[in-house]
Amino acid sequence: MKLSIKTMLMILIIPTSINAEEISYDYLDLLYWDHKLSAQGTVADSTYDGYKVSVSKAITKNIHFLASYTDADKTNGDAVVNKSMGFGINYPINKKTDFVFEYSHLNVVHSYVSSSNIKTLINSMESKINHQLSDDIELTAGLLSNNVAGSKILYQGFSAGAKYNINDNFALKFRMHNLKDSKLTNTADLSSTEMGLSYSF
């Protein structure tokens, strides 16, 4: 965590003389959300399907605000609601490529048909590269770390995504991530897929 703070401060104080011209951090996403837990030890396989609404708003040239709301359920009636808020820092490498660091605090509530609800707080950090491949296509790849507050659970893995611009305001967006617990052996591996419409403003 200390290393992440130092990295953010360094990015903020480095003067930027170039900007990625095509990459926008002002957008609203409406996405289909699919979340799978793969069995490890005593944890059973399960799949959640639902929707996710996320927003990003540039506060300054290199800092953007993040927020999201996710609502999904399983076929047996179990459900999950995820609310998050955070921020991102983008540093231009060249006119078409940004290095981005994002932090989000997640408030996750699992509702179960046959047992009590469980609330989980997660600190999520992602370091990634955003690259404008062409006028219509933007690609993203990064490393993701989710730490469950108050426990030893630390999920780490990769993320990848793509955006296809339909016009100046609307785009089709796809994103996926795959995470494994780096400390415990009896927890589930996580994978998520998001796809839908993005509106740039």
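One structure accompanies this document, and this report is about it.

Rules and cut-offs
- Residues numbered from 1 in each chain as written.
- Predicted model: local features only at pLDDT ≥ 70, side-chain atom pairs only at ≥ 80, totals over all residues.
- Heavy atoms only, no water.
- Phe/Tyr/Trp six-rings, centres within 6.5 Å; stacked < 30°, edge-to-face > 60°.
- Helix = DSSP H or I, 4+ residues; strand = E, 2+ residues; numbered from the N terminus.
- Buried < 20%, exposed > 50% of the residue type's maximum accessible area, 1.4 Å probe, protein only.
- 1 Å grid on protein atoms, 1.4 Å probe; cavity = no way out; pocket = protein on both sides within 12 Å on 5 of 7 lines; lining within 4 Å.
- Points joined across faces, edges and corners; volume = space filled by probe spheres on them.
- Nonpolar A, V, L, I, M, F, W, Y, C, P; charged D, E, K, R; others polar.
- Salt bridge = Lys/Arg side-chain N within 4 Å of Asp/Glu carboxyl O.

Thoughts on the packing of aromatic side chains
- The tally for this structure, following the rule as stated, stands at four aromatic pairs.
- Between the aromatic rings of Y51 and Y69, the centroid separation amounts to 6.4 Å while the plane-to-plane angle is 40°, which identifies the pairing as tilted. In this pair, Y51 sits in strand 2 (residues 46-58) while Y69 sits in strand 3 (residues 63-73), placing the two residues 18 residues apart along the sequence.
- The exposure class assigned to Y69 is partly exposed, which follows from its relative accessible area of 29%.

Description of the layout of surface pockets
- One number sums up the size of the second largest pocket: a volume of about 200 Å³.
- Looking at the second largest pocket, it is lined by 14 residues, and the ones nearest its centre are E22, D135, N165, N167 and D168.
- Secondary structure elements with two or more residues in the lining of the second largest pocket: strand 8 (154-165) and strand 9 (170-181).
- Classifying every residue of the lining of the second largest pocket gives two nonpolar, six polar and six charged.

Re the pattern of salt bridges
- One pass over the full model with this rule turns up nine salt bridges.
- A salt bridge links D78 to K74, with the shortest nitrogen-to-oxygen separation between them at 3.6 Å. Residue D78 shares its accessibility class with K74, and that shared class is buried.
- The partner of E126 in a salt bridge is R175, with the nearest N and O atoms 3.2 Å apart.

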